[in-house]
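Fold and contact review
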Amino acid sequence: MIRWIDVLSYNNALRQLSPMWKSSFAALMFLLSYTVHPVLQAAITLWMMSWCILQARIPFRAYGKLFGTALLFYALSVPALLVEFGHPAAGEAGIFPLTGLNLPVYVTAAGLQRAGELLARISACMSCFFFLMFTTPFSELLQVLRRLRMPQIVLELMLIMYRFLFLLSDAAHGLLLARRLRGGRRGYKARMRETAAMAGALFGNTMHRYYGLSQGLLARGFTDEIILPPYTARPVPLRYSIQAYAGIALLLLAEAYFITNT
């Protein structure tokens, strides 16, 4: 999936926009996503999705697959938000008891509301991250961070770790392909042993390739500093600026309306 995201970030319709502008826009929308009303958070989710799918021409299948995968982590936390054990407090509204269990288990309306608000906030924040991730290559993000005076050692560690993800993905793909070509093993215990053996082989293979990467850096004259390409400012078309600023202004006005009427 990391290679898929990298390809889309280099081949989208918003690729030529200023990375600083896209980063600033995504950061501002993230702050709004964390603070505004849940209804506006849902609106931000749809709006940022439209930026990716309609403006950047990101395939809906790719966006939906990654968005759904991220929401799986939210789904794993939902039972902890909804389910209550014991006897409900006096006067607690909206109680839905779960029958058929030995333990007293129930779900409250407050738990459902809390889970819905969390879903709206998570979706809005993720849509802002996905906008930046799908429209801006990682190398340009490093240039933006460098322009924001991020320490050089942090940028180098990020660059090496990003490269290491590709090495890990290639090594894992090679091991899985070799397992399929050999037919694998049948039975649950045999598969567990084979998975453990593959994990050990994956670590060894990845570290071997990482050693080759470090030797390649030294052979090319690495002097304890990886030189990043300079930041290049790019113009932003007027229609994108108008859409962004108008949308932010409408969100702020709507948030002020919700505040004054609550």
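Residues numbered from 1 in each chain as written. Predicted model: local features only at pLDDT ≥ 70, side-chain atom pairs only at ≥ 80, totals over all residues. Heavy atoms only, no water.

**Focus on the pattern of salt bridges**
- All chains considered together, the criterion is met by two salt bridges.
- For Glu 140, the salt bridge identified is with Arg 234, shortest N-O distance 2.8 Å. Placement of the pair is Glu 140 in helix α6 (residues 138-147) and Arg 234 in the loop between α8 (188-219) and α9 (238-260), with a sequence separation of 94 residues.
- Taking relative accessible area as the criterion, Glu 140 reaches 4% and is therefore assigned buried. (Salt bridge = Lys/Arg side-chain N within 4 Å of Asp/Glu carboxyl O. Helix = DSSP H or I, 4+ residues; strand = E, 2+ residues; numbered from the N terminus. Buried < 20%, exposed > 50% of the residue type's maximum accessible area, 1.4 Å probe, protein only.)

**Some points on the packing of helix α4 (residues 60-82) against helix α5 (residues 109-135)**
- Two elements in contact, α4 and α5, have axes whose closest approach is 10 Å; the angle formed by their N-to-C orientations is 155°. In this view, α4 runs roughly antiparallel relative to α5, as classed from their interaxial angle. Crossing angle aside, the handedness with which α4 passes α5 is right-handed.
- Partitioning the contact of α4 with α5 into residue classes produces 17 nonpolar, four polar and one charged. (Axes fitted to C-alpha atoms, helices over the stretch in contact; angles between N-to-C directions. Parallel < 35°, antiparallel > 145°, perpendicular 65-115°, else oblique. Left-handed = near helix turned anticlockwise from the far one by under 90°. Nonpolar A, V, L, I, M, F, W, Y, C, P; charged D, E, K, R; others polar.)

**Structural notes on the nonpolar core**
- Judged by nonpolar contacts, the single largest core of 34 residues is most densely connected at Met 29, Ile 44, Trp 51 and Tyr 63.
- For this core, the elements supplying multiple residues, two or more each, are α1 (2-10), α2 (19-35), α3 (38-55), α4, α5 and α9.
- If near-sequence neighbours (up to four positions away) are discounted, Tyr 63 is found in contact with Met 49, Cys 52, Ile 53, Ile 58, Ser 127, Phe 130 and Phe 134. (Core = buried A, V, L, I, M, F, W, Y, C linked by side-chain atoms within 4.5 Å. Contact = heavy atoms within 4.5 Å.)

**Structural notes on empty space enclosed by the protein**
- According to the stated counting rule, one finds one cavity of 30 Å³ or more in the structure shown.
- Taken as a whole, the largest cavity holds about 40 Å³ of empty space.
- Around the largest cavity, the lining residues are Met 1, Trp 4, Ile 5, Leu 8, Ala 62, Lys 65, Leu 66 and Phe 134.
- The class makeup of the residues in the lining of the largest cavity is seven nonpolar, no polar and one charged. (1 Å grid on protein atoms, 1.4 Å probe; cavity = no way out; pocket = protein on both sides within 12 Å on 5 of 7 lines; lining within 4 Å. Points joined across faces, edges and corners; volume = space filled by probe spheres on them.)

**Topic: the UniProt feature "transmembrane region" (unreviewed entry) in the chain**
- Mapped onto this structure's residue numbering, the UniProt feature "transmembrane region" (unreviewed entry) falls at residues 25-54, 66-83, 95-112, 119-139, 159-178 and 242-260.
- Split by type, residues 25-54 is 93% helix and 0% strand. Its first and last C-alpha atoms lie 17 Å apart.
- Between the end C-alpha atoms of residues 119-139 there is a gap of 31 Å, over a span that is 90% helix and 0% strand. (UniProt positions renumbered as here; feature names shortened; annotations may be inferred.)

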